[in-house]
Amino acid sequence: MKPDLKLILSVSSPLLLLIVWQAVTAFKLFPPEVLVSPTAVVAAFGEVIATGELQRHLSESLTRLAGGFTTGASLGLLFGLALALSKTVEQVFGPTFQALRQIPVLAFIPMLILLLGIDEVFKIVIIAKAAFFPVALAAYDSVKGVPKSYFEVSSLYRAPWWVLISKILIPATIPNILAGVRLSLTRSWLVLVAAELIVADSGLGQMMEMGRQMFRLDIVMVGVIVAGVIGFGLDRLFQLLQAHALRWKTA
Amino acid sequence: MDYVPHSQIPGHKVKQTGAVSLKGIKKQFNFKDRELKVLSEFSLDVQPGEFVSIVGPSGCGKSTLLRLIAGLDDTYDGTITLDGQRVAGTSLERGLVFQDHRLFPWMTLEDNIALALTNRQISKDAKAKLVADHIALVGLKGFEKAFPHQLSGGMAQRAAIARSLVNEPKVLLLDEPFGALDALTRVHLQGELQRIWLAQGSTMIMITHDVEEALYLGDRVVVMQANPGRITHTVDVNLPHPRDRASPVLHRLKDEILAELTNVPEAPNSVVRLIKGDDQ
Ligand SMILES: Nc1ncnc2c1ncn2[C@@H]1O[C@H](COP(=O)(O)OP(=O)(O)O)[C@@H](O)[C@H]1O
Ligand SMILES: [Mg+2]
């Protein structure tokens, strides 16, 4: 497909959404206090940028995301590897791990608020929890899934252990682990915005919550759009990283 | 035709090393409720530089046998020695080629071959030279930077052979190395393997389900039967290498082996052929 055609096709659906939105508001199908028009949202966007409000909330959110995601994903990676490589770890933690990962992150919020209050620690913990499980699961599954034949070839040539790890195990597992990390990044962002909506004094979610309380639905919509765009951007960025790491597949 | 030992074939280097001896090998797999006897009292002596082909029905323990010699599995009774030394674990002296090439998909051809040298205490330059020489040996010059998925099945299998030879093993074990290839490629690679064998002089033990291939390449063809896996027949192929595929001797030996494999006595088989011939 020609690149310009691809571009046209990929912007066509957001454009259509925008047109429908504009039409719905123009015909006043909903009261304007409930569904604001795109133009009002653009104006509100200009406003929150001018006052620096958006930048402040966004940077708070992204800092939280970085802290929580990095903590959760690295712990998840280590735990997943340990679970896959050690029989003992698997026996002791395996069932608990499988059970805990079925519980939605948001279900932990009330309990965590009681335990940790609504401070920064709480938010970091909730994001870390969201980031932890997809990475842990991906690491566990992918190490378990390394074909026995890879170990046999390594053994035939008596490759030293560091060669086994760096040249065989890491490349063999990295595609799945990266896919898990990507999932956990998206999850973390979703959970972060949701958590900020419920309890926070700053952050993108809180900006939306304050907008809602003041009946500034235009600001809420700005938050919705920014949350979507940031989530999309993070995912795309990660996709590029993934493609770079997996060059050999398409070379 | 008179027998010409391979050691007297012009251009065939024969090393004095690479004698493989299997004595009373017993191997079984234990399951929860039962045990599966795979090899029973398996004994075989392979001379240095000899090419031994092994044929047998599938499931008779051929792959298991090679894995024992390679050292990938140490749980068996009996003794396996290489030049009088008991084998224990894997070693660079014993190479193994699988039916699937087992190249790592994320490594280029040369990196795949270089992986086999990671345990060698030689200079970087010496390693690079070994890799280049062996890529040339199997006729893959120009494909050094290619990834396995960019190679045809035959090329990938050549690469696997190059990798297994790069440490100059005393014995090369081949487990149906051409089994997954099309007939034409197979014939071609048989010739290549023979050329390499004549040039390098290492001992070869090859498993195949292709009796013609076994006879074309082998100094000796060992026929196995299943349950438990054991040798039921051995055929010496007293023909010089490279052989004429149309040789009547090979055809007669092929019939003999096929008869053994299908457990039908030789005579009725020939009668059937004669009758068929008369009909036409
Ligand atoms: N790791 C294993 N565990 C249990 N049974 C095995 C294993 N490997 C092979 N077998 C069994 O041993 C028998 C011989 O297998 P194999 O050596 O692969 O036969 P061949 O290569 O002659 O076809 C088969 O019945 C097979 O199912
Ligand atoms: Mg087999």
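Structure: see above.
Along each chain, the written sequence defines residue order, and numbers are assigned to residues from 1. Following the order in which they are written, the chains are lettered starting with A and the ligands numbered starting with 1. It should be noted that, the model being predicted, local features are given only for residues of pLDDT at least 70 and side-chain atom pairs only at 80 or more, the latter also being counted only at that level, while totals for whole chains, interfaces and linings use all residues. Just so you know, side-chain values use all the structure's heavy atoms and leave hydrogens and water out.

Trainee: Sorry, what's going on with the environment of proline 160 of chain A here?
Mentor: All names here are of chain A. Segments assigned H or I by DSSP are reported as helices when at least four residues long, segments assigned E as strands when at least two residues long, and all are numbered from the N terminus. Among the secondary structure elements, proline 160 is positioned in the loop between helix H7 (148-156) and helix H8 (161-198). Each residue is placed in one exposure class: buried if its accessible area under a 1.4 Å probe, protein chains only, is under 20% of its type's maximum, exposed if it is over 50%, and partly exposed if it falls in between. Here proline 160 falls in the buried class, since its relative accessible area comes to 13%. Taking the C-alpha atoms as reference points, proline 160 and leucine 54, 106 residues apart in sequence, are found 53 Å from one another.

Trainee: What's the story with the site of ligand 1 in this structure? I'm lost.
Mentor: Residues and elements named next belong to chain B. Each residue is tested against the molecule or strand, and it is near if at least one of its non-hydrogen atoms lies within 4 Å. The environment of ligand 1 is formed by Phe29, Phe31, Leu36, Val38, Ser58, Gly59, Cys60, Gly61, Lys62, Ser63 and Thr64. One of the backbone N or O atoms of glycine 59 is found 2.7 Å from an oxygen atom in ligand 1. Pairs of N or O atoms are called polar contacts if they sit within 3.5 Å, as long as, within protein, a hydrogen donor faces a hydrogen acceptor (for residues adjacent in sequence, only side-chain-to-side-chain pairs). Between ligand 1 and the protein, one listed contact pairs an oxygen atom with a backbone N or O atom of cysteine 60 at 3.3 Å. The Shrake-Rupley method, run with a 1.4 Å probe sphere, supplies the accessible areas, and residue values consider only the shown protein chains as cover. Out of a free accessible area of 560 Å², ligand 1 has 61% covered by protein chains.

Trainee: How should the interface of chain B and chain A be read in this particular structure?
Mentor: The parts lose accessible area when they come together, and the size of an interface is often stated as this lost area. Tallying the contact residues gives 23 residues for chain B and 19 residues for chain A. The term buried area refers to how much accessible surface (probe radius 1.4 Å) is lost by two components on association, counted for both of them together. Carbon and sulfur atoms supply 66% of the area that chain B and chain A bury against each other, a total of about 2100 Å² over both sides. On the chain B side of the contact with chain A, Thr90, Phe104 and Trp106 of chain B bury the most area, a combined 29% of that side's loss. By definition, a salt bridge exists where a carboxyl oxygen of Asp or Glu is found within 4 Å of a side-chain nitrogen of Lys or Arg. Between the two partners, chain B and chain A, sit two salt bridges. Among the ionic pairs, glutamate 152 of chain A bridges to arginine 102 of chain B, the shortest N-O distance being 2.8 Å. Taken together, chain B and chain A are joined by six residue pairs in polar contact (both at pLDDT 80 or more). Of all the secondary-structure elements, those providing two or more residues to the side of chain B that touches chain A are helix H1 (62-70) and helix H4 (153-165) of chain B. Residues are grouped as follows: Ala, Val, Leu, Ile, Met, Phe, Trp, Tyr, Cys and Pro are nonpolar; Asp, Glu, Lys and Arg are charged; every other residue, Gly included, is polar. Classifying every residue of the side of chain B that touches chain A by side-chain character gives 12 nonpolar, eight polar and three charged. In this analysis, two residues are considered to be in contact whenever any of their non-hydrogen atoms come within 4.5 Å of each other.

Trainee: For this particular structure, what's the right way to read the pattern of salt bridges?
Mentor: Pairing between side chains becomes possible if they bear opposite charge and their charged atoms approach one another. All names here are of chain B. Applying the stated criterion across every chain, the model contains 25 salt bridges over all chains. For the salt bridge of aspartate 83 with lysine 170, the shortest nitrogen-to-oxygen distance reads 3.2 Å. Taken together, the positions of aspartate 83 in the loop between strand E4 (77-82) and strand E5 (85-86) and lysine 170 in the loop between H4 and strand E7 (171-175) put the pair 87 residues apart, joining distant regions of the chain. A relative accessible area of 23% means that lysine 170 is categorised as partly exposed. Here aspartate 133 and lysine 129 are joined by a salt bridge, their closest N and O atoms 2.8 Å apart.

Trainee: How should the sheet that holds strand E6 (residues 94-97) of chain B be read in this particular structure?
Mentor: The pairing of strands in a sheet happens through backbone hydrogen bonds and is either parallel or antiparallel. Residue and element names in this part refer to chain B. Two strands form a pair only when DSSP identifies at least two bridges running between them. On the basis of which strands lie adjacent, the open sheet formed by six strands has the order E6-E7-E8-E3-E9-E10 and mixed pairing. Two strands bound the open sheet, and with one partner strand each, they are E6 and strand E10 (230-236). Adjacent strand axes in the sheet meet at a mean angle of 20 degrees, parallel and antiparallel pairs treated alike. In this structure, E7 lies alongside strand E8 (residues 203-207), joined through five bridges in parallel fashion. Across the sheet, residue leucine 174 finds its bridge partner in E8, namely methionine 206. Helix axes are fitted only over the stretch in contact, all axes being lines through C-alpha atoms; the angle between N-to-C directions runs from 0 to 180 degrees. Taken strand by strand, H1 contacts strand E3 (51-55), E6, E7, E8 and strand E9 (220-225), and its axis lies near 155 degrees from that of E7. Each of E6 and E7 is contacted by H4, which is oriented at about 170 degrees to E6, the strand it contacts most.

Trainee: Help me understand the packing of aromatic side chains, please; the structure alone is not making it clear to me.
Mentor: Note on aromatic pairs: each is described by the distance of the centres and the angle between the planes. For Phe, Tyr and Trp, rings pair up if their centres lie within 6.5 Å, where Trp contributes its six-membered ring, and each pair is then called stacked (planes under 30 degrees apart), edge-to-face (over 60) or tilted (otherwise). If you walk through the whole model with that rule in mind, you get 10 aromatic pairs over all chains. Each ring, one from phenylalanine 79 of chain A and one from phenylalanine 97 of chain A, has its centre 5.4 Å from the other, and the planes form 50 degrees; the classification is tilted. Taken together, the positions of phenylalanine 79 of chain A in helix H3 (residues 53-85) and phenylalanine 97 of chain A in helix H4 (residues 87-100) put the pair 18 residues apart, joining distant regions of the chain. Residue phenylalanine 79 of chain A shares its accessibility class with phenylalanine 97 of chain A, and that shared class is buried. Ring geometry for phenylalanine 132 of chain A versus phenylalanine 133 of chain A: centroids 5.0 Å apart, planes at 75 degrees, classification edge-to-face. Owing to a relative accessible area of 11%, phenylalanine 133 of chain A belongs among the buried residues under this scheme. The rings of Phe79, Phe93, Phe97, Phe132 and Phe133 of chain A are connected pair by pair, giving a single aromatic cluster. Only when the NZ of Lys or the CZ of Arg is both within 6 Å of the ring centre and within 35 degrees of the ring normal is a charge said to sit over the ring. Lying over the aromatic face of phenylalanine 98 of chain B, arginine 102 of chain B brings its terminal NZ or CZ to 3.6 Å of the ring centre. Sitting above the plane of the tyrosine 216 of chain B ring, arginine 245 of chain B keeps its charged end 3.8 Å from the centroid.

Trainee: How should I be thinking about the packing of H3 of chain A against H8 of chain A in this particular structure?
Mentor: Helix-helix packing: each pair is described by the crossing angle between the helix axes and the interaxial distance. Residue and element names in this part refer to chain A. Two elements in contact, H3 and H8, have axes whose closest approach is 9 Å; the angle formed by their N-to-C orientations is 140 degrees. Considering their axes alone, H3 and H8 lie oblique with respect to each other. Where H3 crosses over H8, the two elements pack in a sense that is right-handed. Contacts between H3 and H8 involve Leu58, Ser61, Leu62, Arg64, Leu65, Phe69, Ala73 and Leu77 from the first element and Ile177, Val181, Ser184, Leu185, Ser188, Trp189, Leu192 and Glu196 from the second. In terms of residue class, the contact of H3 with H8 is built from 11 nonpolar, three polar and two charged. Comment on the angle field: the value is read as roughly parallel under 35 degrees, roughly antiparallel over 145, roughly perpendicular from 65 to 115, and oblique elsewhere. In this scheme, a crossing is called left-handed if the near helix is turned counterclockwise away from the far one by less than a right angle; it is called right-handed if the turn is clockwise.

Trainee: I would appreciate a short explanation of the pairing of E9 of chain B in the present structure.
Mentor: A regular strand carries its side chains on alternate faces of the sheet. Judged by how many residues are buried, E9 of chain B sits mostly within the fold: six of six residues are covered. Counted between consecutive antiparallel strands, the loop separating E9 of chain B from E10 of chain B contains four residues, among which asparagine 227 of chain B sits at a positive phi close to 55 degrees.

Trainee: Even after reading the chapter, I still don't get unusual backbone geometry, so can you show me in this structure?
Mentor: With glycine set apart, most residues show a phi of negative sign, and most peptide bonds adopt trans. Following asparagine 227 of chain B, the chain continues into proline 228 of chain B via a peptide bond in cis, with omega recorded as -15 degrees. Positionally, proline 228 of chain B belongs in the loop between E9 and E10. In the segment running from histidine 241 of chain B into proline 242 of chain B, the intervening peptide bond is cis, with an omega of -10 degrees. By the element assignment, proline 242 of chain B lies in the loop between E10 and helix H7 (248-261). A positive phi angle is found at arginine 158 of chain A, which is not glycine, with a value near 50 degrees. Tracing the chain through its elements places arginine 158 of chain A in the loop between H7 and H8. Looking at arginine 158 of chain A, the relative accessible area reads 39%, which means it is partly exposed. In this model, glutamate 41 of chain B sits at a positive phi of 45 degrees, which is unusual for a non-glycine residue. Here glutamate 41 of chain B is to be found in strand E2 (residues 35-46). On the basis of relative accessible area, glutamate 41 of chain B is assigned to the exposed category, the value being 52%.

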